[in-house]
Amino acid sequence: MRIEEELKLDFKDVLIRPKRSTLTSRSEVDISRDFVFRHSGGKYRGIPIIAANMDTVGTFEMAQALAKHQLAAALHKHYEERDLTAFFRAAATATVFYSMGITKADYDKFRRVKEEAGDAVAYVCIDVANGYTKSFVDFLRKLRDAYPHITIMAGNVVTGEMTEELILDGADIVKVGIGPGSVCTTRKMAGVGYPQLSAIIECADAAHGLGGLICADGGCASPGDLAKAFGGGADFVMLGGMLAGHDECAGEVVERDGKRKVRFYGMSSRTAMEKYDGVVADYRAAEGKEVLLDYRGPVDGALRDILGGVRSACTYVGARKLKELSKRTTFIRVARQLNEVFGA
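I will try to describe carefully the structure that is included in this document. (Residues numbered from 1 in each chain as written. Predicted model: local features only at pLDDT ≥ 70, side-chain atom pairs only at ≥ 80, totals over all residues. Heavy atoms only, no water.)

Considerations on the overall build of the protein
Basically, it comes down to this: Helix and strand labels come from DSSP, where a helix needs a run of H or I of at least four residues and a strand needs a run of E of at least two; each type is numbered from the N terminus. To get the radius of gyration, use the C-alpha atoms; to get the globule rule, take the number of residues to the power 0.38 and multiply by 2.2 Å. Using a 1.4 Å probe on the protein chains alone, a residue whose accessible area is under 20% of its type maximum counts as buried, one over 50% counts as exposed, and one in between counts as partly exposed. In this description, contact between two residues means that some pair of their heavy atoms is separated by no more than 4.5 Å. The Shrake-Rupley method, run with a 1.4 Å probe sphere, supplies the accessible areas, and residue values consider only the shown protein chains as cover. For this count, His and the chain ends are skipped, Lys and Arg are scored as positive, and Asp and Glu as negative. Charged groups are reduced to one reference atom each: NZ for lysine, CZ for arginine, CG for aspartic acid, CD for glutamic acid.
In terms of regular secondary structure, the protein is built from 11 helices and 15 strands. Computed over the C-alpha atoms, the radius of gyration of the protein is 19 Å, within 12% of the 20 Å expected from 2.2 N^0.38 for a compact globule of 344 residues. Principal-axis analysis of the C-alpha atoms gives the protein an extent of 55 × 55 × 50 Å. Counting over 344 residues, the protein shows a buried share of 52%. Contacts in the protein between residues at least 24 apart in sequence constitute 66% of all its contacts with a sequence separation of at least 6. Accessible area of the protein: about 16600 Å², with a carbon and sulfur share of 48%. In the protein, 47 positive and 46 negative side-chain charges are present, and the distance between their average locations comes to 5 Å.

The structure is reproduced here in structure tokens:
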């Protein structure tokens, strides 16, 4: 047993210090990014925000809505093969991630969809809760060897050394975050995790030294949190709860006290496991929860707030392009971020 004494930070622990700027309007800020991926050689241009591959958020409808704004989506992994094939054939120009686990069945399903959809399947997200296992690394190597030109995002991890290993083993993008999600209970049930802002800073430093990228996954509750993630070095940011409850989502709509509510749950929750596996296995506990969110209407309104907030952060520090934000960010530690006299 050992204890690390160095302070680790979450989004709530800091604010971004403003700096002199020559920008006169948020409209002058370019929040798109251009990347060339380390292994696949693929080229990306867009706004680097990705809808999470949760079955209530990572939907075909969400992918189509986000593509109109140059944002991406990671589809959930429970779609049928025929539906995935049809979607990718029709959406060949959009940045959409095919999501998969690491079982033989996952690999065989992907191989069949790839054979049918061809080059339209250009992005893959290998998604597991624990990215520290040998089986995960072995699967990543297997997929990279079989498909050298596919852009692979893989995770989740929270430390620099594992970020480096995944990049060296074939990941173009490493997905960073254990336990910060709004409907994740891993920290409560397992006592495992890492404050998300420090994880982003440390993993970004490790990834960028090898020519790789990271995607900050989880923990964002407001547009300001995205600005902090990008300021900390994240190349992409993945959102679940902030995009949940909209028309493009798949959560069940229910009536409560005369109001429309939408079910939203973690993919390791009892709800998700009973839905797809029929039961929670007797050797494990659920590590997610279910909540009822207010119905939020079309996602376009939320996107306007999210993108506007990121643009505003850039103007406060004089970053004309999103890629400049991390270079111009100074975090200051705070005891309190918000005046909550009238609520948060």
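Focus: the sheet that holds strand β7 (residues 123-127)
The line we're drawing: Following DSSP output, two strands are said to pair if at least two bridges run between them. Every axis in this analysis is a line fitted to C-alpha atoms, fitted for helices over the stretch in contact. Angles between the N-to-C directions lie between 0 and 180 degrees.
Around the barrel, which closes on itself, the 8 strands sit in the order β4-β5-β6-β7-β8-β9-β10-β11 with parallel pairing between neighbours. Within the sheet, the average angular offset between the axes of one strand and its neighbour, ignoring direction, is 25 degrees. One ladder, built from 2 bridges, connects strand β4 (residues 49-51) with strand β5 (residues 72-74); its direction is parallel. Paired with I50 across the bridge in β5 is A72. Packing of helix α1 (residues 60-67) onto the sheet brings it into contact with β4, β5 and β6 (96-100), and relative to β5 it is tilted by some 165 degrees.

With respect to the packing of helix α4 (residues 134-146) against helix α5 (residues 160-168)
Rule in force here: We call two directions roughly parallel when the angle between them is under 35 degrees, roughly antiparallel when it is over 145, roughly perpendicular when it lies between 65 and 115, and oblique otherwise. Each residue gets one label: Ala, Val, Leu, Ile, Met, Phe, Trp, Tyr, Cys and Pro are nonpolar, Asp, Glu, Lys and Arg are charged, and the others, such as Gly, are polar.
The contact between α4 and α5 brings their axes to 9 Å, and the two run at 30 degrees. Classified by the angle between their axes, α4 and α5 sit roughly parallel to one another. For the pair α4 and α5, contact is made by F136, V137 and L140 and by M162, E165 and L166, respectively. Looking at the contact of α4 with α5, its residues break down into 5 nonpolar, no polar and 1 charged.

Quick notes on the pairing of strand β13 (residues 259-265)
With 4 bridges joining them, strand β12 (residues 253-256) and β13 adopt antiparallel strand pairing. Across the sheet, residue E255 finds its bridge partner in β13, namely R260.

A closer look at the packing of aromatic side chains
Put simply, the test is: Aromatic rings from Phe, Tyr and Trp, with only the six-membered ring used for Trp, were paired whenever their centres fell within 6.5 Å, and each pair was classed as stacked if the ring planes differed by under 30 degrees, edge-to-face if by over 60, and tilted otherwise.
Here the structure, examined in full by the defined rule, presents 13 aromatic pairs. Judged by centre distance (4.5 Å) and plane angle (10 degrees), the rings of F60 and F87 are stacked. Note that F60 is positioned in helix α1 and F87 in helix α2 (residues 81-90), a separation of 27 residues in sequence. With a relative accessible area of 13%, F60 lands in the buried category.

Focus: the layout of surface pockets
Where we set the bar: Here a cavity means grid points, on a 1 Å grid over the protein atoms only, where a 1.4 Å probe fits yet cannot get out; a pocket means an open set of points with protein on both sides within 12 Å along at least five of seven lines; lining residues are those with an atom within 4 Å of a point. Grid points are joined across faces, edges and corners, and a volume is the space filled by probe spheres set on the points.
Considering only enclosed or pocket space, the second largest pocket measures out at about 330 Å³ in volume. In terms of lining residues, the second largest pocket is bounded by 12 residues, among which K12, A221, S222, D225 and Q337 are the most central.

A short note on unusual backbone geometry
Phi is positive for Q70, close to 70 degrees, though the residue is something other than glycine. Residue position: Q70 is located in the loop between α1 and β5. For Q70, a relative accessible area of 44% corresponds to the partly exposed category. Notably, D257 is not glycine yet its phi reads approximately 55 degrees, a positive angle. In this structure, D257 sits in the loop between β12 and β13. The class for D257 is exposed, based on a relative accessible area of 80%.

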